[in-house]
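Overview (structure and organization)
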Amino acid sequence: RVVDANGRTLYTNIPPVGRYQRILKEGPGPVSQVPGNEGRGHIGERRQRYTGYVQEAAQANNIEPALIHAVISAESGYDSFARSRKGAVGLMQLMPETARRYSVTNRLDPAQNIHGGTRYLRDLLRMFDNDLRLAVAAYNAGEQAVVKYGNRIPPYRETVEYVPRVMAYYRKYRAGS
């Protein structure tokens, strides 16, 4: 936990520069793996803030907005400044190589991040014959991992937990909640 210059209390899993207080040692997975928590606090407001970008990207790539929202919910909880220890950045947690592949020059720019991540999702859906579960697994673990395991969800703990979480968000957003 760190208090910024404006007096806001921020929580992160990456130690910031300067003074901070450790609240909870990070465990092996996300704190919340249950869809529905994004509506609490400010996350629901952040989701609204990015709906226009999601709609544009969905229309341009023929992808359901619910799927894009599901990936963003699972990847960053709508935190456009999210950063992973592995180097993924932004709302859709783009890795540097993926960003270059999809001409994203600023991974922290919400519009670029959402459009790049959506194009990647579109290509993964094509690659895996519109199998949502495999495309989502590939989004998390990489397409080579899915192919390596015979076009099945790779047996990585993170991916095995990630796919059902994204699919639950997807069902929820498709239902309109």
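So, here is what we can say about the structure in this document. This structure is a prediction, so every number in the text was calculated from the model and none was measured.

Focus on the overall build of the protein chain
In terms of helices and strands, the protein chain carries 7 helices and 2 strands. Taken over 177 residues, the protein chain has a buried fraction of 40%. In the protein chain, the proportion of contacts linking residues at least 24 apart, taken out of those at least 6 apart, comes to 42%. Approximately 10400 Å² of the protein chain is accessible, and the part contributed by carbon and sulfur atoms is 49%.

As for helix α5 (residues 132-141)
Where burial is concerned, most of α5 is hidden: 7 out of the 10 residues are buried. If you check the start of α5, you find a side-chain oxygen 3.1 Å away from the backbone N of R133, and it comes from D131.

Topic: the packing of helix α2 (residues 65-76) against helix α7 (residues 157-174)
For the pair α2 and α7, interaxial distance at closest approach is 8 Å and the crossing angle is 135°. On the basis of their axis angle, the class for α2 and α7 is oblique. In the packing of α2 onto α7, the handedness of the crossing is right-handed. Facing α2, whose interface residues are A66, L67, H69, A70, V71, S73, A74 and E75, α7 presents Y162, R165, V166, Y169, Y170, Y173 and R174. Taken together, the residues that form the contact of α2 with α7 break down as 10 nonpolar, 2 polar and 3 charged.

Considerations on the packing of α5 against α7
The contact between α5 and α7 brings their axes to 9 Å, and the two run at 125°. Judged by the angle between their axes, α5 and α7 are oblique. Considering how the two elements wind past one another, α5 and α7 form a crossing that is right-handed. Judged by residue contacts, L132, R133, V136, A137, Y139, N140 and A141 of α5 engage E158, T159, Y162, V163, V166, M167 and Y170 from α7. Of the residues belonging to the contact of α5 with α7, the class tally is 10 nonpolar, 2 polar and 2 charged.

Here is what the cut-offs are and how they apply
Residues numbered from 1 in each chain as written. Predicted model: local features only at pLDDT ≥ 70, side-chain atom pairs only at ≥ 80, totals over all residues. Heavy atoms only, no water. Helix = DSSP H or I, 4+ residues; strand = E, 2+ residues; numbered from the N terminus. Buried < 20%, exposed > 50% of the residue type's maximum accessible area, 1.4 Å probe, protein only. Contact = heavy atoms within 4.5 Å. Areas by Shrake-Rupley, 256 points an atom, 1.4 Å probe, with all protein chains shown as cover. Polar contact = N/O pair within 3.5 Å; in protein donor to acceptor, adjacent residues only side chain to side chain. Axes fitted to C-alpha atoms, helices over the stretch in contact; angles between N-to-C directions. Parallel < 35°, antiparallel > 145°, perpendicular 65-115°, else oblique. Left-handed = near helix turned anticlockwise from the far one by under 90°. Nonpolar A, V, L, I, M, F, W, Y, C, P; charged D, E, K, R; others polar.

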